[in-house]
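Observations on the model geometry
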Amino acid sequence: MTRSDVSPEDRLCLLLAPKDVQPCSRDLALKLLEGPLRWELILDQVVHEGILPIFFVNLRRFGFPGVPVDVQRWLEARFKLNAVRNEFLAMELARVLKLFGEAGIPVIPLKGVALSECFYGDTSLRVCSDLDILVPRSLVARSFQVLLRNRYDACLPEETLIRIPLGNAIEYVFTRSDGLIGCRLELHWGMFCVSSNDESAAAEVWRESKPAIFFGITARRMSPEWEFLYLAAHAARHRCESLKWLADMHDAVSLRPFDWERLSDAARRHGWAPALELSLGTCGALMGTVLPPQFVRSAPCRGCSNRGPLLLQVVVDLFIFRQLKGGRNKLSFFFRRAFLPNFSDYSLVHLPHSLRSLYYLLRPFRLACRCGFQLLRFAKTRQRFRQRRARNQPDSASASLITESHKLSN
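Residues numbered from 1 in each chain as written. Predicted model: local features only at pLDDT ≥ 70, side-chain atom pairs only at ≥ 80, totals over all residues. Heavy atoms only, no water.

1. Considering the overall build of the chain
Here is the rule: Starting at the N terminus, helices and strands are each numbered in turn, a helix being any DSSP run of H or I of at least four residues and a strand any DSSP run of E of at least two. Working definition: with a 1.4 Å probe on protein chains only, accessible area under 20% of the residue-type maximum means buried, over 50% means exposed, and in between means partly exposed. Only heavy atoms enter the contact rule, under which two residues are in contact if any of them lie within 4.5 Å. Each accessible area is a Shrake-Rupley result for a 1.4 Å probe, and residues are judged covered by the shown protein chains and nothing else.
A tally of regular secondary structure across the chain gives 19 helices and six strands. Going through the 410 residues of the chain one by one, you find that 51% of them count as buried. The contacts in the chain between residues at least 6 apart in sequence include a share of 69% that link residues at least 24 apart. As displayed, the chain has an accessible area near 19,100 Å², and 56% of this comes from carbon and sulfur atoms.

So this is what it looks like as structure tokens:
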């Protein structure tokens, strides 16, 4: 499967998704813009895939050839709204980094506006829905306290949150609201999944991190190799569901040189090699990313979709399970996922401390109910999709860029 296999609308989205548009991609895009295009599908794609800002900037750089005036105005309005939102997120990230610095907690910003500023020198060129930061596992409880005492809210009371074991989680979500503007912050202490491999990877990330300035505040930053590995693992963990993440990887390869041998060695030692090959293979097949020979042969992500019920948590867990090396790691991962309560279980029912052991029974029951409900939704969605295909009606919600390419590849 290559980029030429998809529709003209999808091809245009692929060609203009990265910031670094190669001359050959530019020529192909200009040729597509000369022909008839269904702009309503294109607009739906760029919004869903999270690539609207860069897509708009690339079109503007070309002079909007063949783009209707109303489409130009719509894209520009959405671009400005995204820029305002990202400016707020950048200010909030600087505030959070300052709070953690004053508390003596090292922190590494992940993805989002920090990545956009690093790659492009402009926070407005990426769609960002929240903030992500990484802290050392040993300082998670203190990090919770810093956020809870500075206008961030959690689903659980502070005294409960601080005492919950972290054995079945690598992140927790906090929210803050200032009037009409809200902010969602994901606090991470793990990298990919709950395992001994992940703990060793996080330890290496911190050892190789260096001080850096983010929006005027000093924090830590991953090495270029680990920054790319994290992007690849994140994309693989979510089954390459968003074109935005593939565009990040493409631009990382094009704009930021790093040591491929060192990157490959770290991925192999920590069990991330399959995830890296999956993400890079998909990136190379869909976006034409120039890759080292050892990754060119990797097959793109197949048989998965980026739409709702197909991305069941159980599917993601099975994927992660396959990445783990060694029977002990696999058994530990299965036990944690099936029986060890996590934050969602504690949030669902608030039990007194004397009854906390009941959470170990609630966990498998909740998972079984959730999977049954999601499978039922999946069956209904497949039935509706087949009915639409039988009537030859276009289904813009199901004809996403990645989904279409996967159908073609299969």
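The structure having been displayed, the exposition proceeds.
2. Some points on the pairing of strand 2 (residues 131-134)
What counts is decided by this rule: When DSSP locates at least two bridges between a pair of strands, those strands are taken to pair.
Burial along strand 2 is two-sided: the residues Leu 131 and Ile 133 and Asp 132 and Leu 134 are all buried. As paired strands, strand 2 and strand 4 (residues 181-188) are joined by four bridges and run parallel to one another. In the sheet register, Asp 132 faces strand 4, and the bridge partner there is Glu 186.

3. Focus on the pattern of salt bridges
Where we set the bar: Salt bridges, as used here, are contacts in which a Lys or Arg side-chain nitrogen is within 4 Å of a carboxyl oxygen on Asp or Glu.
With the rule as written, the count across this model stands at 13 salt bridges. Of the charged contacts in the structure, one is a salt bridge between Arg 184 and Asp 130, with a shortest N-O distance of 2.8 Å. Here the residue Arg 184 occupies a position in strand 4, and Asp 130 occupies one in the loop between helix 6 (112-120) and strand 2, the gap between them amounting to 54 residues. Relative accessible area serves as the criterion here: at 35%, Arg 184 is assigned to the partly exposed category. For Arg 221, the salt bridge is made with Glu 227, and the minimal N-O distance between the two is 3.7 Å.

4. Some remarks on the packing of aromatic side chains
Operational definition: Within 6.5 Å between ring centres, the rings of Phe, Tyr and Trp (the latter by its six-membered ring) count as paired, and their orientation is classed by plane angle as stacked under 30 degrees, edge-to-face over 60, tilted in between. To sit over a ring, a charge needs its Lys NZ or Arg CZ within 6 Å of the ring centre and within 35 degrees of the ring normal.
Throughout the structure, instances matching the rule amount to eleven aromatic pairs. A ring pair is formed by Phe 56 and Phe 79, whose centres lie 5.0 Å apart and whose planes are at 35°; its orientation type is tilted. Of this pair, Phe 56 sits in helix 4 (residues 52-62) while Phe 79 is found in helix 5 (residues 69-102), placing the two residues 23 residues apart along the sequence. You'll find Phe 56 and Phe 79 in the same group, each marked buried. Ring geometry for Phe 119 versus Tyr 120: centroids 6.0 Å apart, planes at 80°, classification edge-to-face. Grouping residues by exposure puts Phe 119 and Tyr 120 together as buried. Among the aromatic side chains, those forming a connected cluster through ring pairs are Phe 144, Tyr 172, Phe 174 and Trp 189. One residue, Arg 60, lies across the ring of Phe 79, its end atom 5.7 Å from the ring centre. In this arrangement the basic side chain of Arg 176 is found over the ring face of Tyr 152, its NZ or CZ atom lying 5.9 Å from the centre.

5. Some remarks on the packing of helix 3 (residues 39-48) against helix 4
This is how it is decided: Each axis is a line fitted through C-alpha atoms, and for a helix only the stretch in contact is used; angles between axes span 0 to 180 degrees, taken between their N-to-C directions. Angle categories: roughly parallel below 35 degrees, roughly antiparallel above 145, roughly perpendicular from 65 to 115, and oblique for all the rest. Amino acids outside the nonpolar list (Ala, Val, Leu, Ile, Met, Phe, Trp, Tyr, Cys, Pro) and the charged list (Asp, Glu, Lys, Arg) are all regarded as polar, and Gly is one of them.
At their nearest, the axes of helix 3 and helix 4 sit 8 Å apart, and the two run at 130° to each other. With respect to their mutual orientation, helix 3 and helix 4 come out oblique. For the pair helix 3 and helix 4, the contacting residues are Trp 39, Ile 42, Val 46 and Val 47 in the first and Leu 52, Phe 55 and Leu 59 in the second. Looking at the contact of helix 3 with helix 4 residue by residue, the classes come out as seven nonpolar, no polar and no charged.

6. Concerning the environment of Pro 65
Among the secondary structure elements, Pro 65 is positioned in the loop between helix 4 and helix 5. For the pair Pro 65 and Ala 29, spaced 36 residues apart in the sequence, the C-alpha separation amounts to 10.0 Å. The residues contacting Pro 65, other than those within four sequence positions of it, are Leu 30, Leu 33 and Leu 59.

7. Side note on helix 5
Structural remark: α-helix, 3.6 residues per turn; residues separated by three or four positions point the same way. For clarity, the threshold we go by: Helix span, expected: 1.5 Å multiplied by one less than the number of residues in the helix.
Under the 1.5 Å per step criterion, the end-to-end length of helix 5 is 50 Å for 34 residues, consistent within 8% with the ideal 50 Å. Once helix 5 ends, the next one or two residues include Gly 104, with phi positive near 75°.

8. Remarks on a nonpolar patch on the surface
To be explicit about the condition: Note on patches: the residues involved have over 30% relative accessible area and no salt bridge, like charges join within 9 Å, and the nonpolar side chains Val, Leu, Ile, Met, Phe, Trp and Tyr join within 5 Å.
There is a patch of nonpolar side chains on the surface, built from Leu 355, Leu 358 and Leu 361 and spanning about 280 Å² of accessible area. Along the polypeptide, Leu 361 turns up in helix 18 (residues 359-390).

9. Section: the environment of Asn 82
The criterion, for reference: Side-chain atoms alone can form a polar contact between residues adjacent in sequence; in general such a contact is a pair of N or O atoms within 3.5 Å, and within protein one must be able to donate a hydrogen while the other accepts it.
Residue position: Asn 82 is located in helix 5. Looking at Asn 82, the relative accessible area reads 11%, which means it is buried. The sequence separation of Asn 82 and Thr 123 amounts to 41 residues, and the corresponding C-alpha distance is 9.5 Å. Those residues within four positions of Asn 82 in sequence are excluded, and the remaining contacts are Pro 53, Ser 124, Arg 126, Val 127 and Cys 128. Polar side-chain contacts of Asn 82 include one of 3.2 Å to the backbone oxygen of Ser 124.

10. Section: the sheet that holds strand 4
Reading across the sheet, the four strands line up as 1-2-4-3 and stay open at both edges, with mixed pairing between neighbours. Here the strands that pair on one side only, and so sit at the sheet edges, are strand 1 (108-110) and strand 3 (171-178). Ignoring strand direction, the axes of neighbouring strands in this sheet form an average angle of 30°. Where helix 5 meets the sheet, its contacts fall on strand 1, strand 2, strand 3 and strand 4, and the angle it forms with strand 4 comes to roughly 50°.

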